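# Inside the fold
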Amino acid sequence: MSSFSIERQHKAPIEWKETAWKSVDKDSYMIDTAIALFAGLGVSAIASPIAGGAIAAFMIKRIFDKENQKIKAQDCIREYGLVAPFLNGDEFLNFASQAGSDAVIAELQFAHERGLNLSDAAWDYLDGYNELMALPQAEREGWAVMPALPDEPAKAIGEPTRLGAVAVQASPVEKCTTAFEALLASPFTSRAIFGAQRTGKSYLAACASLELAKRGISVFHINLMSYGDEDSQYWQHAKRSVRCDLPSLSVRDGVPFIKQAMEVLKAFIDTPNSLLIVDEWAYIGATATPHRDSLEPLLNALASQIASLSSAGIKRQRGLWVIAPEFVAGGLVPNGKTAKKLQLVYATIHPDRTLDWNGNHIGFSGELFDQVKNNFPIDLPASLMELPNCDRIVYINREWMPVGELPSLPKWVEAQPTVPTDPRAQLEKAWVSFDDSGHEAIAPAVETDPAIELIQNEPNEEKREALMIGYQWAKGRITDGKEVSREAFLNRAKNERKCEHLREKRNEIWNELEALIS
């Protein structure tokens, strides 16, 4: 009989807190600062005082960032009893054995959401969890299948384990080498995609979602600060997409688009195997926007989805990606900051390079990098030589990668107007048809009328109602063989008591109606 007992390594909670505290407290920033100063002096002697000073300043800044992380970690140990993120080696394994996998993952996710640095062992454990959760559901159930503990012999393939899962045949996991591959490999990992303008963040997301759509994933898209025709090309593969330039609209005119965004969100929630992409997140969550009250229900619903999917998106087979050019937490309402729970994807120009775009020089933004670093775990390597040797690089899955070879998006062809050249004939055809016997019959569906389709696409609800009433009147007069004129319409609108908006906007409504009926 073996005398081995893993419980000999178990500790009381207060002892684990002391162990974590000692692990965090190992490094002395005073010694590191001295080393940085000597390094700067050395470079000054060999190269130049400016280069030496710059190196010393850069290293000291990194050291003080490290010290701030240390203070933050100690606060979490003291206030919350957080332990797992700061343990390494055998200490981490012993704690995981005693606390259990659920408790360990809860601690690691808590720390990650708050931007704390995790130990190597903690990262490996979290990565292993995410990879196992990414397996097809047929190969897992609930939590991941963990290696058998010493008091539980390994199970045969297909045999139930102590955690209620079914042991499966292990298969090698192919490591992603580009950001494009990483997005495709884990589509239901919810992510926050940041990057300065023209760094390629939206194009990367669009290309990845196009490929995922080809694989059967339903893509939904929301951009309430869309400008120009770019989005029309990027997101034409989306099952549903709502786009508008909300800052250019009045509060009243913006409401219908926000309602459409809510409808897209609901469709995403109701659709299994789906991905929602929300562009311009910084505007949706901004404090300083006249649309703040109108946006609040949408933001609350999105924040709820982030809270749910950031930890269980893979299990639910749904993912949510938010895109923004910046992330200034001080300019966001509380629910706007929930993006910090998502996995970071940061697109940028290589720090040593500059690109030309339409006569503008685009380079690495240190200000934006610091914004992101204040809210997410990210850093540059000690040497820029360690970064991928390409113009555009992406920080994803906690490492720097090249963007990868992206496919070309299909060219967007603007839809041609469906209003016929002979509106009166089309009106009559839409509302009156003849069967094979020559008898008059009512057309079976109003939706066959292209004019109705145009009216239904009008985003302003009140204007849409007025157009529909005016159109019904014009249709009736044409069907009865009566004249349809501006004067007749204005007189009718003036006396119409059922539609206040038709009276108020009768000249504006007629100008649009005229294109449909005359």
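Here, residues in each chain are numbered from 1, in the same order as that chain's written sequence. Restriction of local features to residues with pLDDT of at least 70 applies here, the model being predicted, together with a cutoff of 80 or more for giving and counting side-chain atom pairs; totals for whole chains, interfaces and linings are based on all residues. The side-chain numbers reported here are obtained from all heavy atoms of the structure, hydrogens and water having been left aside.

## Concerning helix H13 (residues 366-373)
Rules: We call a residue buried when its accessible area falls under 20% of the maximum for its residue type, exposed when it is over 50%, and partly exposed in between, using a 1.4 Å probe and counting protein chains only. Counting from the N terminus, the helices are the DSSP runs of H or I reaching at least four residues and the strands are the DSSP runs of E reaching at least two. Along the arc lie the directions from the helix axis toward the C-beta atoms. Note on contacts: a residue pair is in contact if any heavy atoms of the two residues lie within 4.5 Å.
Of the residues making up H13, those classed as buried are Leu368, Phe369, Gln371 and Val372. Along the axis of H13, the buried positions cluster into a sector of 155 degrees, meaning they face one direction only. Residues of H13 that are buried sit in contact with strand E1 (191-195), strand E6 (343-349) and strand E10 (399-402).

## Concerning the side chain of His350
Among the structural elements, His350 can be located in the loop between E6 and strand E7 (354-357). In this structure, His350 is in contact with Phe364, Leu384, Leu387, Pro388, Cys390, Asp391 and Ile393, ignoring residues within four places of it in sequence.

## Some words on the sheet that holds strand E2 (residues 218-223)
Our working rule: Strands pair, by our definition, only if DSSP identifies at least two bridges between them. For helices, the fitted line uses only the C-alpha atoms of the stretch in contact; every axis is such a line through C-alpha atoms, and the angle between N-to-C directions lies from 0 to 180 degrees.
Taken in spatial order, the eight strands make up an open sheet running E3-E2-E4-E5-E1-E6-E9-E10, and their pairing is mixed. With one partner strand each, in any of the chains shown, strand E3 (240-243) and E10 form the two edges of the open sheet. When the angles between neighbouring strand axes are averaged without regard to direction, this sheet yields 20 degrees. Sheet topology places strand E9 (residues 392-396) next to E10; four bridges connect them, and they run antiparallel. Its bridge partner lying in E10, Tyr395 is registered against Trp400. H13 rests against E1, E6 and E10 of the sheet, and its axis sits at about 170 degrees to E6.

## Structural notes on the packing of aromatic side chains
Threshold: Pairing of aromatic side chains here covers Phe, Tyr and the six-membered ring of Trp, requires ring centres within 6.5 Å, and sorts the geometry by plane angle: under 30 degrees stacked, over 60 edge-to-face, intermediate tilted.
With the rule as written, the count across this model stands at 12 aromatic pairs. Between Trp16 and Phe95 the ring centres are 5.2 Å apart and the planes differ by 80 degrees, which places this aromatic pair in the edge-to-face class. Of this pair, Trp16 sits in helix H1 (residues 13-24) while Phe95 sits in helix H4 (residues 89-99), and the two are 79 residues apart along the sequence. Residue Trp16 shares its accessibility class with Phe95, and that shared class is buried. Each ring, one from Phe194 and one from Phe376, has its centre 5.5 Å from the other, and the planes form 55 degrees; the classification is tilted. Of this pair, Phe194 sits in strand E1 while Phe376 sits in the loop between H13 and E9; the two residues are 182 residues apart in sequence, bridging distant segments of the chain. For the pair Phe194 and Phe376, one class covers both residues: buried.

## Topic: the confidence of the model for the protein chain
This is how it is decided: As a per-residue measure, pLDDT tells how confident the predictor is, with possible values from 0 to 100.
With 69% of its residues at a pLDDT of at least 70, the protein chain reaches an overall mean of 76. Counting interchain partners and residues more than four positions distant, the pLDDT-below-50 stretch residues 160-173 has 27 contacts. Below a pLDDT of 50 lies the segment residues 426-448, which in the model reaches 30 contacts outside its immediate sequence neighbourhood of four places, other chains included.

## With respect to the packing of H4 against helix H5 (residues 101-113)
Condition: Angle categories are assigned with fixed cut-offs, so that under 35 degrees is roughly parallel, over 145 is roughly antiparallel, 65 to 115 is roughly perpendicular, and the rest are oblique. Any residue outside Ala, Val, Leu, Ile, Met, Phe, Trp, Tyr, Cys, Pro, Asp, Glu, Lys and Arg is labelled polar, Gly included; the first ten of those are nonpolar and the last four are charged.
Packing of H4 against H5 brings their axes to within 6 Å, and their N-to-C directions diverge by 120 degrees. What the angle tells us is that H4 and H5 run oblique. Contact with H4, carried on its side by Phe92, Phe95, Ala96 and Ala99, involves Ser101, Ala103, Val104 and Glu107 of H5 and no other residues of that element. Residues of the contact of H4 with H5, tallied by class, amount to six nonpolar, one polar and one charged.

## Topic: the pattern of salt bridges
Which entries qualify depends on this criterion: A pairing counts as a salt bridge when a side-chain nitrogen of Lys or Arg comes within 4 Å of a carboxyl oxygen of Asp or Glu.
Tallied over the entire structure, the rule returns eight salt bridges. The partner of Glu211 in a salt bridge is Arg215, with the nearest N and O atoms 3.3 Å apart. In this structure Glu211 comes out as partly exposed when scored by relative accessible area, which is 22%.

## Quick look at the pairing of E7
Relative to strand E8 (residues 360-363), E7 runs antiparallel, the two being bridged by four bridges. Note that in E8 the partner of Asp356 across the bridge is His361. In textbook terms, the turn of a hairpin is the stretch between consecutive antiparallel strands, and for E7 and E8 this stretch comprises two residues, one of which, Asn358, has a positive phi near 50 degrees.

## A word on the nonpolar core
Selection criterion: For this analysis, a nonpolar core means a set of buried residues of the types Ala, Val, Leu, Ile, Met, Phe, Trp, Tyr and Cys, connected via side-chain atoms within 4.5 Å.
Core analysis: the largest hydrophobic core is formed by 49 residues, its most contacted members being Phe194, Leu224, Leu276, Trp281, Leu302, Tyr346 and Trp400. Here this core gets seven residues from one element, more than from any other, and that element is helix H10 (residues 251-270). Contacts of Tyr346, omitting those with residues within four sequence positions, involve Phe194, Gly195, Ser365, Leu368, Phe369, Val372, Ile378, Ile393, Val394, Tyr395 and Trp400.

## Here we look at the environment of Ser365
Counting through the fold element by element, Ser365 comes out in the loop between E8 and H13. Remark: the alpha-carbon pair of Ser365 and Pro351, spanning 14 residues in sequence, is separated by 8.1 Å.

## Side note on the pairing of E6
When you tally the buried positions in E6, you get six out of seven residues, the bulk of the element. Of the strand pairs in this sheet, E6 and E9 are connected by five bridges, and their pairing is antiparallel. By the bridge assignment for E9, Tyr346 is matched with Tyr395.

## Things to note about the environment of Trp510
Positionally, Trp510 belongs in helix H19 (residues 506-517). Trp510 sits 40 residues away from Gly470 along the chain, and the two C-alpha atoms are 8.1 Å apart.

## Observations regarding H10
To keep it simple, the criterion reads: Helix span is expected to be 1.5 Å times the residue number reduced by one.
Between its first and last C-alpha atoms H10 spans 29 Å; for 20 residues at 1.5 Å apiece the expected length is 28 Å, and the two agree. Looking only at H10, the buried set comprises Gly254, Pro256, Phe257, Ile258, Ala261, Val264, Leu265, Ala267 and Phe268.

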